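Listed below, chain by chain, are the residues.
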Amino acid sequence: MRLGRFAYIQFLLALLMAALLACSDDNPAFVFPCDEQSGECGDAVSSSSRHSGLDPESSSGVDSISSSSSRNDVSSSSIGSSDSPLPVFIQNDDEYTGFYKQDGYTAFRKMSYASKTEMGISYLVKFVIADFDTDKPQVHFMNTMRYSYHYDFAEMVLGDTRSLAVFNVETYFSAEKNTAAGTLAYYPSVDSMIALTFFPSDYISPEQVALAYKLIEERLLFLNSSGSKNRLFYMPAGSTAERAAAEYADEFKKADILVFTHAELFGDIPYQIMNTGTAYGTLRKLTAAELDTAIVSSHDILILETLPAEIPLVAATISKDAQTPLSHVNLAAQARKTPNIAFNGNELPDSLLALCGKLVKLEVKSNSYTVHEATLDEAQAFWNKNVREQKTLSFDLSDSGLVDFANLDFKSSKSVGVKAANLAELHKLIPENSPDGFAVPFYHYSNFMDYAQVTEELCGRSFEDCGKEGRASEICTQVKNACVSALRQAQGTESAEASKSATLRSYIENLIAREDFVTDTRLREAVLDNIRYMFKHIPVDKDFGDALDAKVRTLYGEAGVRLRSSTNSEDLEDFNGAGLYKSVKATAREKDLPSDEIRKVWASVWSFKAFEERTLWNINHMSVQMAVAVHEAYPDEVANGVIITQNIADYSVAGIYANIQVGETSITNPEGGELPEIISIIPSPPPARGVQSVLLQHSSLCPDSLILTDGEIYSLYQFVLKIQNRFAVLYNVYSDALALDIEFKVMGEDRKLIFKQVRPYIL
């Protein structure tokens, strides 16, 4: 059906409005595909504008459009003007029209915008090809630090007189192009290769890609024009472009145009820089099994043969296995700001292994690392310099009830913790797709610390428990003596005739103030185990216990519930505390009553892992408070996943990043080394108002297909958009500037999406 002129103009305006839906101008550190002030869309240097062109009410699914342009034969001789002598290149502060051989990568980086990706730092140079559909196309490589947007460059440098709206439509959203615009990405970790990319919603056809490729290739004289090394290659930015490139593969090959997908590119990296930084410590090589029993500290750098379920506080980590940004080891490294490298299953260098057992300095940069022996004086100076100022946490103990989610809001975090408060907000936003429940506020943890009595009898029983867990007898004897001494100190006397009990709070205060507790790592671990023993073996107040059990029985009957930790030492501005505290299952049955099981959650405040982590950040341990979020358990889990609401795999392409796994298999702590599926979900080109997925890695449990259907991926994206926009208001930031960590499950035969956690993600 043909459109009238007025209808056609309406259609173009609709495309433009779809592309401008999620624009933001707030974050000058990144360049967004849409800018609210200028109105420009389509640029791909962005870190975060991830919902452009997506209507949350649209019924469209994951985009499956491939190019409809006619297929013409393309060869090296028929594309570009490589037989003609090139003019002298323009090279000034605004642009280069080409790079000479002697310019090399140094000149390229000078014109670039540096962007962090999962493959390390990438250097992005945008380009505009004017008169693209003529026999005299003009290629302009932009100074991308000076001109963030194609349109700004075209208007200010090239004198383009088109309006922004017309420029956007004719450059990105039209199959007939007088102007082509895209980005060159240099990945130093990928063997001196430069990727040619276009915005994911660009209408560019494979034939036009081939033409642009040849025009650019002949102007990058420091690259090879044949072979497989030091080349330009085309990297399709999404599943739509990947399918179109696959259909055109023969023509690309005939023209000697290299094509690599994101997944292929990731597979060739010998090691990944997961987190940068500098560390001093003793280099130790441990298996996951050895790490379970080893006592390590922040003065150790670990080489991990396999990824452990949990990583204690250490100075740095180097794994032989591949990691993802959301693996537990990397999340811990990010939270601690410690270096982390993954060798992707490759053999570790002999030069690295030769330093095992020695004190070393490890320095990890964006695309390389160095490690060498260090002196104790050098290490001590580094450790002393990095001691942080003590932080005492705030809290509110005024709420002594059991508070329904309906009566909590975002500000309730001061009394129930961020996790519980955010769960309450999440349930208000998407009640059918998130758990309902209630919170046990900080008050009850603090009150337990004041009324629970530690006795000498418990000191003796904990001594037996210490030995059963495999600790040396001399360590357990030291702990028993410390236990009795702490009781007497709490009474203000060392006399054996003193009172035989003390409150749990005063007992803990005396234990952690001991000099040998501070200086002896093995003793500290055993003393903290003793503190947890006290929590688990002193009964809660009967009135509180009865009320908690009755509320669970009334709301959930005999069904299982989750008791989830929610502290005031999580999701802080520079410390997220993810994975430090314990969550447990409970039922209204006598054997696992909530009033018994909640003590395990409270006790996890004093785990060795949590204590060491807080010590690194110099958090006052006695200011930590533990609330508990209670909601129904979900036993029929088909899949589970973690989403980051920025495309951390490649900040140059707008979208979200997802790790997904089959069933209940953990993504962050897989016991058998299972690898999750990794995808980026990005907007589809208009007018298809859906999304497309970029596969970065198949799940090792589902190696031949995606875990979610196209419809489920689209539905997931819609929910994430809704959550992102709501929590951006709550956190008082622009949606495009906010990164959230969202956990979800796919439940039952009807594969219902359930969202179980929302927390800020520290980039």
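To start, this report covers the structure provided alongside it. Source: prediction; values computed, not measured.

## Re the state of the cysteines
In step 1: Applying the stated criterion across every chain, the model contains 2 disulfides.
In step 2: Each sulfur in the disulfide pair Cys459 and Cys483 lies 1.8 Å from the other. Of note, the bridge from Cys459 to Cys483 carries an S-S torsion of about -75 degrees and is left-handed in sense. Separated by 24 residues along the polypeptide, Cys459 in helix 15 (residues 456–468) and Cys483 in helix 16 (residues 473–490) bring together distant segments of the chain. The same class applies to Cys459 as to Cys483, namely buried.
In step 3: Paired through a disulfide, Cys466 and Cys476 show a sulfur-sulfur distance of 2.1 Å. Every disulfide takes its handedness from the sign of the S-S torsion; for Cys466 and Cys476 that torsion is -85 degrees, giving left-handed.

## Things to note about the packing of helix 16 against helix 19 (residues 521–537)
In step 1: Close contact between helix 16 and helix 19 brings their axes to 9 Å; oriented N to C, the two are set at 55 degrees. The orientation of helix 16 relative to helix 19 falls into the category oblique. Both helix 16 and helix 19 take part in a crossing whose hand is right-handed. Contact with helix 16, carried on its side by Glu474, Ile475, Gln478, Val479 and Cys483, involves Arg522, Leu523, Ala526, Val527, Asn530 and Met534 of helix 19 and no other residues of that element.

## Brief notes about a negative patch on the surface
In step 1: On the surface, a cluster of negative charge is made up of Asp636, Glu664, Glu749 and Asp750.
In step 2: For Asp636, the location among the structural elements is in the loop between strand 22 (626–632) and strand 23 (637–644).

## Section: the sheet that holds strand 12 (residues 316–319)
Sheet strands pair via backbone hydrogen bonds, and the direction of the pair is either parallel or antiparallel.
In step 1: The 7 strands are arranged 9-13-12-11-10-14-15 in an open sheet whose pairing can be described as mixed. The sheet is open, and its two edges are formed by strand 9 (272–275) and strand 15 (369–373), each paired on a single side. Neighbouring strand axes in the sheet, compared pairwise and without regard to direction, differ in orientation by 30 degrees on average.
In step 2: By the bridge criterion, 3 bridges tie strand 9 to strand 13 (residues 340–342) in an arrangement that is antiparallel. Opposite Asn275, over in strand 13, you have Asn340 as the bridge partner.
In step 3: Each of strand 9, strand 11 (300–304), strand 12 and strand 13 touches helix 10 (residues 328–336); the most contacted strand, strand 9, lies at about 50 degrees to it.
In step 4: Each of strand 10 (277–286) and strand 14 (359–364) touches helix 12 (residues 376–385); the most contacted strand, strand 10, lies at about 120 degrees to it.

## Comments concerning the packing of aromatic side chains
In step 1: Under the defined criterion, the tally for this structure stands at 32 aromatic pairs.
In step 2: Considering the side-chain rings of Phe343 and Tyr369, the 6.1 Å spacing of their centres and the 85 degrees angle between planes classify their relative orientation as edge-to-face. Placement of the pair is Phe343 in the loop between strand 13 and helix 11 (350–353) and Tyr369 in strand 15, with a sequence separation of 26 residues. Each member of the pair, Phe343 together with Tyr369, is buried.
In step 3: With a centroid separation of 5.2 Å and an interplanar angle of 40 degrees, the aromatic rings of Phe448 and Trp602 are classed as tilted. A residue pair is termed long-range when its members are at least 10 positions apart, and Phe448 in helix 14 (residues 442–451) and Trp602 in helix 21 (residues 594–603) qualify at 154 residues. Here Phe448 matches Trp602 in class, with each residue buried.
In step 4: In this structure, Arg388 is placed above the aromatic ring of Trp617, and the distance from its NZ or CZ to the ring centre is 3.9 Å.

## Focus on the pattern of salt bridges
A side chain of one charge can pair with a side chain of the opposite charge when the charged atoms of the two come close.
In step 1: What the rule picks out here adds up to 31 salt bridges.
In step 2: Linking Arg146 and Asp94 is a salt bridge whose minimum nitrogen-to-oxygen distance equals 3.0 Å. Residue Arg146 is found in the loop between strand 4 (138–142) and helix 3 (150–156), and its partner Asp94 is found in the loop between helix 1 (5–19) and strand 1 (95–96); the two are separated by 52 residues along the sequence.
In step 3: Taking relative accessible area as the criterion, Arg146 reaches 47% and is therefore assigned partly exposed.
In step 4: Among the ionic pairs, Asp516 bridges to Arg514, the shortest N-O distance being 3.0 Å.
In step 5: For Arg514, a relative accessible area of 22% corresponds to the partly exposed category.
In step 6: Where salt bridges share partners, they join Glu469, Arg471, Glu525, Asp529 and Arg532 into one cluster.

## Brief notes about the nonpolar core
In step 1: One finds Leu504, Tyr507, Ile508, Phe535, Trp602 and Trp606 to be the most contacted residues of the largest nonpolar core, which totals 62 residues.
In step 2: Broken down by element, the residue count for this core peaks at 8 residues, all from helix 19.
In step 3: In terms of nonpolar packing, the next biggest core, distinct from the first, is built from 47 residues, Phe99, Tyr105, Met235 and Leu265 among them.

What counts and what doesn't
Residues numbered from 1 in each chain as written. Predicted model: local features only at pLDDT ≥ 70, side-chain atom pairs only at ≥ 80, totals over all residues. Heavy atoms only, no water. Disulfide = S-S within 2.5 Å. Helix = DSSP H or I, 4+ residues; strand = E, 2+ residues; numbered from the N terminus. Buried < 20%, exposed > 50% of the residue type's maximum accessible area, 1.4 Å probe, protein only. Axes fitted to C-alpha atoms, helices over the stretch in contact; angles between N-to-C directions. Parallel < 35°, antiparallel > 145°, perpendicular 65-115°, else oblique. Left-handed = near helix turned anticlockwise from the far one by under 90°. Contact = heavy atoms within 4.5 Å. Patch = residues over 30% accessible without salt bridge, like charges linked within 9 Å, V, L, I, M, F, W, Y side chains within 5 Å. Areas by Shrake-Rupley, 256 points an atom, 1.4 Å probe, with all protein chains shown as cover. Salt bridge = Lys/Arg side-chain N within 4 Å of Asp/Glu carboxyl O. Lys, Arg positive; Asp, Glu negative; His and termini not counted. Charge placed at Lys NZ, Arg CZ, Asp CG, Glu CD. Pairing = 2+ DSSP bridges. Phe/Tyr/Trp six-rings, centres within 6.5 Å; stacked < 30°, edge-to-face > 60°. Lys NZ or Arg CZ within 6 Å of the ring centre and 35° of its normal. Core = buried A, V, L, I, M, F, W, Y, C linked by side-chain atoms within 4.5 Å.

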